[in-house]
Amino acid sequence: MPEPLLALRGVSKVYARDGAPVRALDGVDLDIAAGEYVALTGASGSGKSTLLHILGCLDRPDQGSYRFAGTEIASLRPDALARQRRAVGFVFQAFHLLPRLSAVDNVALPLRYSGVAPAVRRARAVEVLRRVGLGDRLEHRPGELSGGQQQRVAVARALVGAPSLLLCDEPTGNLDSRSGVEVIELLEELWREGCTLIVVTHDPGLAARARRRVSMRDGRVVGVAEQER
Amino acid sequence: MMRELGELLRELWADRRRLFLVVVALGWGTLGLTVLLGFGHGFDRAMVGVLRESGDRMLRLSGGATTVPAGGLPAGRPVPLAPEDAAALRALPGVRLLSLEYTVRARVTLGAGEGPNARVHGVDDAYAEVRGIRVRGGGRFLSPIDGQERRRVAVLGDRIARDLFGAADPIGRTLLVSGQPFSVAGVLAPRITVMTYNGQDDDKIFVPATTLRALFGLRNPSFVVLEAARAERSAELVQEVRRTLAARLRFDPGDRAAVAIRDHAAQAREIGALILGIRLFLGIVGVLGLLVAAVGVANIMHALVDERVREIGLRLALGARPLQIRARALLEAALLVAVGGGGGLGLASLLLLGLDALPLDRSVRAYLGSPVPSLPVAAGIAALLGACALVAGWHPARRAAAVQPVEALRHA
Ligand SMILES: Nc1ncnc2c1ncn2[C@@H]1O[C@H](COP(=O)(O)OP(=O)(O)O)[C@@H](O)[C@H]1O
Ligand SMILES: [Mg+2]
């Protein structure tokens, strides 16, 4: 069997809250192959976001090992870690766009950190914004866009660097159902083009669309189900 | 890079209300420091010039009276300085130049009619060098031959020359001193002296000592002025002069009132020390001001970093290298300092140049100097400002680079 794209072994994360330790993650083992479409479900506080942050190298496990394409993430120096983060596209529930920048500047931001020339950056940002259906909103600031449009800008930003892995933390949580479906369909389109897609969601309807469903409770993986569609 | 800078400027502009005060503080500090140092510099240069013109290695002697009994004579005996005593002093190795100085007041006219009651000084040719006197182009000071031949030549102070002759060139013209004709040989360059006696030189008329003696039947000069061979040894020369005169004129060498000796060199040293003190003080005040401004910048930078934890976290999550975050924060601090400091420097230069262009009275100008924005001063201040930026930005920049993306993003 080839090595999976993502491999977690005994991953734990403990937060100290008011003196009492909270096990946000408690010995998680998980393999995800390249090209998979995984839904991560579980009650609020079960550790889904924490897990996603570790997968996206935004956080480090206290214990256990996380290997991405064979590389042990804990061993990376700051610059290599930054490069690794650029290989991942992240979509947050709260969008996290920079309010002072236009849509196109927001989308171009990751390219700046990968050292792409300014003219190319803008061209690529415009291209992906067109792709998510916002070709006519290039110079709008986030505050001038609807929630669904903002999340599409965020998706555009996640995919502008052509990542092999897309991590989405409740991407539709702040959207009405129609915008939610639009965003999810956009993400699935990217998955069909070969991207590995991991989506955290409360929504059973959304979870049912994935090929594999990972359920969590109290920081542990309590069920993995393959799903037909 | 230019885009980066442009974006940074836009962000700073968006924050302009809060940054305004810091920039003003920085500008104010820089302005103050530059103007103060500029003044210090100009004042300094003016003072050095004025001191030199005043004769900064000169001793001035005048006869006094004894206060203790000496040589079998009671206290209170007048001690006149005679030309022979001056000749004895001239022979001392510590004396480079010497001149007698007779002073009278005399009516000076251009012919029949009114004229001022002017100070007329009879001096030797060495006098000009001892006093640091310069003569305007086209004329000359008194020469040795003038003295030997008791010539009737006069050198005029700048102001009295203008009073007498107006705009016309006085050289070669004749004036009457107490009715006796004198030919004008030269006019002094306008000058201001700090260590004056008997008024400013601008108002005086100088003629050969021998001529004045004969004309007015004088014997003893009012003063003997001499130049020390080594200015820094002036105190020793004073002692030696006193000993020499005490032996000749039979007074107690410890009796300081017998002969009055003014040591201009020592006075010049004191003024020099005072100038140094003033500059030091101004420098310290300015540096402190800048430090306060730097603390302000550091404060703002900390606040900016705090406010932007989310943004910084996001940038890191999008793949920014910690070094880039740090460089950006430092650049931001540098920009603040550059805007404030640059503004201050520019304003200060304008102010100083404006002051320089002001038609101030010559005597005011002499004391003030021409406070110009000098290159070394500006370079020093620029270096100080750079240091301020580094000091102010360093810590906040480190904090910014140390932000953990996940903590920042959880704050949502
Ligand atoms: N920075 C933190 N400090 C303290 N506790 C935290 C922190 N982040 C997460 N937790 C706790 O860890 C647990 C898992 O959180 P999270 O991964 O956000 O859950 P989910 O995304 O499934 O709602 C929760 O109990 C949460 O309160
Ligand atoms: Mg969550």
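Note: the structure precedes this text.
Read on for a plain summary of the structure.

Rules used throughout
- Going along each chain's sequence as written, the residues are numbered from 1 onward.
- By the order in which they are written, chains take letters starting at A while ligands take numbers starting at 1.
- Note on the predicted model: pLDDT of at least 70 is required for a residue's local features to be given, and 80 or more for side-chain atom pairs to be given and counted; whole-chain, interface and lining totals, by contrast, use all residues.
- The side-chain figures draw on all heavy atoms in the structure; neither hydrogens nor water molecules are used.
- Helix numbers and strand numbers start at the N terminus; a helix is a DSSP run of H or I with at least 4 residues, a strand a run of E with at least 2.
- Exposure categories follow from relative accessible area, calculated using a 1.4 Å probe and restricted to protein chains: below 20% of the type maximum is buried, above 50% is exposed, and the middle band is partly exposed.
- Throughout, a contact is declared for two residues whenever any of their heavy atoms are within 4.5 Å.
- With residues, only the protein chains shown are counted as cover, and all accessible areas are computed by Shrake-Rupley using a 1.4 Å probe.
- Note on terminology: a nonpolar core comprises buried Ala, Val, Leu, Ile, Met, Phe, Trp, Tyr and Cys residues joined through side-chain atoms within 4.5 Å.
- What counts as an axis is a line fitted to C-alpha atoms, over the stretch in contact for a helix, and the angles between N-to-C directions run from 0 to 180 degrees.
- Orientation labels follow simple angle bins: below 35 degrees gives roughly parallel, above 145 gives roughly antiparallel, 65 to 115 gives roughly perpendicular, and whatever is left gives oblique.
- Crossings are sorted by hand: turned counterclockwise from the far helix by less than a right angle, the near helix makes the crossing left-handed, and turned clockwise it makes it right-handed.
- Any residue with a non-hydrogen atom lying within 4 Å of a molecule or strand is treated as near it.
- Any pair of nitrogen or oxygen atoms within 3.5 Å is treated as a polar contact; in protein, a donor-acceptor pairing is required on top of that, and neighbouring residues in sequence qualify only through side-chain atoms on both sides.
- Here, a strand pair is defined by DSSP locating no fewer than two bridges between the strands.
- Classification of ring pairs rests on two measures: the distance between centres of Phe, Tyr or Trp rings, Trp counted by its six-membered ring, which must be within 6.5 Å, and the angle between planes, read as stacked under 30 degrees, edge-to-face over 60 and tilted in between.
- Distance and angle both matter: a charge sits over a ring if NZ of Lys or CZ of Arg is within 6 Å of the ring centre and within 35 degrees of the ring normal.

A short note on the overall build of chain B
Part 1: When helices and strands are tallied, chain B shows 14 helices and ten strands.
Part 2: The proportion of buried residues among the 412 residues of chain B is 48%.
Part 3: For chain B, contacts bridging at least 24 residues in sequence account for 78% of all contacts bridging at least 6.
Part 4: With an accessible surface of roughly 19,100 Å², chain B has 61% of that area assigned to carbon and sulfur atoms.

Some words on the nonpolar core
Part 1: Counting residues in each nonpolar core, the largest one holds 49 residues, and the members touching the most others are Leu 6, Leu 8, Leu 51, Leu 55, Tyr 66 and Ile 198 of chain A.
Part 2: In terms of residue count, helix α10 (residues 309-317) of chain B provides more of this core than any other element does, five residues in total.
Part 3: In this view, Tyr 66 of chain A contacts Leu 6, Ala 7, Leu 8, Ile 54, Leu 55, Cys 57, Thr 71, Glu 72 and Ile 73 of chain A; residues no more than four positions away in its chain are not counted.
Part 4: Val 79, Ile 205, Val 224 and Ala 258 of chain B belong to the second-largest nonpolar core, a separate cluster that totals 44 residues.

Here's the deal with the packing of helix α5 (residues 147-159) of chain A against helix α6 (residues 177-192) of chain A
All names here are of chain A.
Part 1: Running from amino to carboxyl end, α5 crosses α6 at an angle of 15°, the nearest separation of the two axes being 9 Å. With respect to each other, α5 and α6 are oriented roughly parallel. Crossing angle aside, the handedness with which α5 passes α6 is right-handed. Judged by residue contacts, Gly 148, Gln 151, Arg 152, Val 155 and Leu 159 of α5 engage Ser 179, Glu 182, Val 183, Leu 186, Leu 187 and Leu 190 from α6.

A closer look at the site of ligand 1
Part 1: Around ligand 1, the structure places 13 residues, and the nearest of them are Arg 17, Gly 45, Ser 49 and Thr 50 of chain A together with Arg 410 of chain B.
Part 2: Looking at the residues close to ligand 1, they fall on chains A and B.
Part 3: Between ligand 1 and Ser 46 of chain A there is a distance of 3.3 Å, counted from an oxygen atom to a backbone nitrogen or oxygen.
Part 4: In this structure, Thr 50 of chain A approaches ligand 1 through a side-chain N or O atom, which is 2.5 Å from an oxygen atom.
Part 5: Isolated, ligand 1 exposes 560 Å² of accessible area, and the fraction of that covered by the protein chains is 76%.
Part 6: Of the residues forming the shell around ligand 1, the biggest block, three residues, is contributed by helix α1 (residues 48-55) of chain A.

Focus: the sheet that holds strand β1 (residues 6-17) of chain A
All names here are of chain A.
Part 1: Taken in spatial order, the four strands of this open sheet run β2-β1-β4-β5, and their pairing is antiparallel. The open sheet has two edge strands with one neighbour each: β2 (20-32) and β5 (71-72).
Part 2: Against the sheet, α1 touches β1, β2 and β4 (63-68), its axis set at about 125° to β1.

Let's talk about the packing of aromatic side chains
Residues and elements named next belong to chain B.
Part 1: In total, this model carries four aromatic pairs over all chains according to the counting rule given.
Part 2: Plain terms: the ring middles of Tyr 127 and Phe 206 are 5.4 Å apart, the flat faces sit at 40° to each other, and that makes the pair tilted. Here Tyr 127 is found in helix α4 (residues 127-131), whereas its partner Phe 206 is found in strand β8 (residues 204-208), with 79 residues between them in sequence.
Part 3: Among the residues examined, Tyr 127 registers a relative accessible area of 0% and is labelled buried.
Part 4: A centroid spacing of 6.1 Å and a plane angle of 55° characterise the contact between Phe 141 and Phe 206, whose relative ring orientation is tilted. In this pair, Phe 141 is assigned in the loop between α4 and α5 (144-148) and Phe 206 in strand β8, connecting sequence segments 65 residues apart.
Part 5: Relative accessible area serves as the criterion here: at 10%, Phe 141 is assigned to the buried category.
Part 6: By relative accessible area, which is 0% here, Phe 206 ends up buried.
Part 7: These aromatic residues form a ring-pair network of at least three members: Tyr 127, Phe 141 and Phe 206.
Part 8: Residue placement shows Arg 16 over the ring face of Trp 13; its charged tip is 4.5 Å from the ring centre.

All quantities given are derived from atomic positions and should not be read as evidence of function.
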